[in-house]
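Observations on the model geometry
Letter by letter, the chains look like this.
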Amino acid sequence: MIIRPDNRSVDQLRKIEFKTGVAPYAAGSVLVSFGNTRVICAASIEEKTPSWMHAQGVKGGWLTAEYSLLPYSTLERKPRDISRGKLDGRTVEIQRLIGRSLRAVVDLEKMEGMTMWLDCDVLQADGGTRTAAISGAYVAAKIAVAKLVAAGKLATDPFVDSVAAVSVGIYQDTPILDLCYIEDKDASVDSNIVMTGSGRFVEVQSSGEEATFSPEELAQLIALGKKGIAEISAMQAEVLRK
């Protein structure tokens, strides 16, 4: 049995919190914490859709995401993308993942003429920023949707399921759940799992870091991810119920 840096068991999540209403001008917002990883997720609504939808004759609405690591979120200052003149590849990958994950559980036809923007800004990075962002973005989006329905701007809730995400990996030859930065940095296998509340997969990202992994190890990682996401989904539901 390994000893993890924060003394958690191999299948134990970090302390997770969802603090809503942190951005008053957003339609919905939440500060999500996975241990020391903290991300503000805010939903904004535009009553228009992207030009490509009009050009292609696509009906309904749209949902998209932007993601950023704030300069002070890491141990060494990270320059803003705008100062470098372009987005880095990691940023593009993560914001696309967040958008895909949310769109997987939304009936976009019910958002006719609307675009929902989900801005995910990392205040503090200690591993698992993309999974925290997905889990928090869902809560922010649901809060925004509830306001739109209450105001009569949406007839019904377009969400058909919930969505959450968690990291898993192999650290010191042991599959573990919800990696902090130290574990993520030294993991031989790094994975991110995105699932719906009903237990269906949206995305499974898994790669060896100068290492390989067996089908049995992959099955263990997926089992850990399913357990963690079920717990996160229950937390999301409780926050939204309140």
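Preceding this section is the structure that the text describes.
Okay, so let's go over this structure. The numbering scheme is per chain: residues are counted from 1 as the chain's sequence reads. With the structure being a predicted model, the display of local features is reserved for residues of pLDDT at least 70 and the display and counting of side-chain atom pairs for 80 or more, all residues being used for whole-chain, interface and lining totals. Based on all heavy atoms of the structure, the side-chain values leave hydrogens and waters out of the count.

**Some points on the nonpolar core**
As a reminder, the rule being used: Buried Ala, Val, Leu, Ile, Met, Phe, Trp, Tyr and Cys residues form a nonpolar core when they are joined through side-chain atoms within 4.5 Å. Only protein chains enter the area calculation, which uses a 1.4 Å probe; residues under 20% of their type maximum are buried, those over 50% are exposed, and those in between are partly exposed. Numbered from the N terminus, helices here are DSSP runs of H or I no shorter than four residues, and strands are runs of E no shorter than two. Residues count as neighbours in contact if any of their non-hydrogen atoms are within 4.5 Å of one another.
One finds Ile98, Leu102, Met116 and Leu118 to be the most contacted residues of the largest nonpolar core, which totals 53 residues. A total of eleven residues in this core trace back to one element, the largest contributor, which is helix H4 (residues 129-150). Setting aside residues up to four positions removed in sequence, Leu102 forms contacts with Leu63, Leu118, Ile134, Ala137, Tyr138, Ala141, Phe159 and Val163. Judged by nonpolar contacts, the second largest core, of five residues, contains Ile2, Tyr171, Ile176 and Ala187.

**Some remarks on helix H3 (residues 89-103)**
Given 3.6 residues per helical turn, the α-helix brings residues three or four places apart onto the same face. Here is the rule: To estimate the expected span of a helix, count its residues, drop one, and scale the result by 1.5 Å.
In a regular helix each residue adds 1.5 Å, so 15 residues correspond to 21 Å; H3 covers 21 Å between its end C-alpha atoms and thus fits that length. Those residues of H3 not exposed but buried are Thr91, Ile94, Gln95, Leu97, Ile98, Gly99, Ser101 and Leu102.

**Details of the state of the cysteines**
How we decide: In what follows, a disulfide is any cysteine sulfur pair within 2.5 Å.
Following the criterion strictly, the structure yields zero disulfides and no others. The cysteine Cys120 is free of any disulfide, with Cys41 supplying the nearest cysteine sulfur at 3.9 Å.

**Re the packing of aromatic side chains**
Basically, it comes down to this: Any Phe, Tyr or Trp ring, taking Trp's six-membered ring, that has another such ring centre within 6.5 Å forms a pair; planes under 30 degrees apart are called stacked, those over 60 apart edge-to-face, and the others tilted.
Here the structure, examined in full by the defined rule, presents two aromatic pairs. Ring geometry for Trp52 and Trp62: centres 5.0 Å apart, planes at 90°, overall edge-to-face. With Trp52 in helix H1 (residues 51-56) and Trp62 in strand E4 (residues 62-69), the pair connects residues that are ten residues apart, well separated along the chain. On the accessibility criterion, Trp52 (33% relative accessible area) is partly exposed. Look at Tyr138 and Phe159: their rings are 5.4 Å apart centre to centre, the planes differ by 85°, and that puts the pair in the edge-to-face class. Taken as a pair, Tyr138 in helix H4 and Phe159 in the loop between H4 and strand E6 (163-171) lie far apart in primary sequence, 21 residues in all. Both residues of the pair, Tyr138 and Phe159, count as buried.

**Comments concerning H4**
The first and last C-alpha atoms of H4 sit 32 Å apart over 22 residues, in line with the 32 Å expected at 1.5 Å per residue. Extensive coverage of H4 is indicated by the burial of 17 of its 22 residues. Two residues or fewer after H4 comes Gly152, characterised by a positive phi angle close to 80°.

**Topic: the packing of H3 against H4**
The condition that has to hold: Helix axes use the C-alpha atoms of the stretch in contact, all axes being lines fitted to C-alpha atoms, and the angles between their N-to-C directions lie in the range 0 to 180 degrees. By definition in this entry, angles of less than 35 degrees are roughly parallel, angles greater than 145 are roughly antiparallel, angles of 65 to 115 are roughly perpendicular, and the rest are oblique. By convention the crossing between two helices is left-handed if the near helix lies anticlockwise of the far one by an angle smaller than a right angle, and right-handed if it lies clockwise. Classification used: nonpolar for Ala, Val, Leu, Ile, Met, Phe, Trp, Tyr, Cys and Pro, charged for Asp, Glu, Lys and Arg, polar for all others including Gly.
As a packed pair, H3 and H4 sit with axes 10 Å apart at the nearest point and diverge in direction by 40°. The angle between the axes of H3 and H4 places the two elements in the oblique class. For the pair H3 and H4, the crossing hand works out as right-handed. Note on element contacts: H4 touches H3 through Thr129, Arg130, Ala133, Ile134, Ala137, Tyr138 and Ala141, opposite Arg90, Glu93, Ile94, Leu97, Ile98, Ser101 and Leu102. Looking at the contact of H3 with H4, its residues break down into nine nonpolar, two polar and three charged.

**Some points on the sheet that holds strand E1 (residues 16-20)**
Note the threshold: Whether two strands pair depends on DSSP finding at least two bridges between them.
Spatial ordering of the open sheet is given by E1-E2-E3-E5-E4, a layout of five strands whose pairing is mixed. What marks the edges here is a single partner per strand, and that holds for E1 and E4. This sheet shows a mean twist of 20° between the axes of neighbouring strands, independent of strand direction. Summarising the sheet, strand E2 (residues 28-34) and strand E3 (residues 37-46) pair through seven bridges and their orientation is antiparallel. Across the sheet, the residue bridging to Ser29 is Ala42, located in E3. Relative to E4, H3 is tilted by about 145°, and along the sheet it contacts E4 and strand E5 (115-124).

**A closer look at the sheet that holds strand E9 (residues 201-208)**
Taken in spatial order, the four strands line up as E7-E6-E8-E9 in an open sheet, and their pairing is antiparallel. The sheet is open, and its two edges are formed by strand E7 (174-177) and E9, each paired on a single side. Strand-to-strand twist across the sheet, computed as the mean angle between neighbouring axes with direction ignored, equals 15°. With seven bridges connecting them, strand E8 (residues 189-196) and E9 associate as antiparallel partners. When the bridges of E9 are listed, Asp190 appears paired with Ser207. Packed on one face of the sheet, H3 meets E6, E8 and E9 and runs near 150° to E9. Across the sheet, H4 touches E6, E8 and E9, and the angle it forms with E6 is around 165°.

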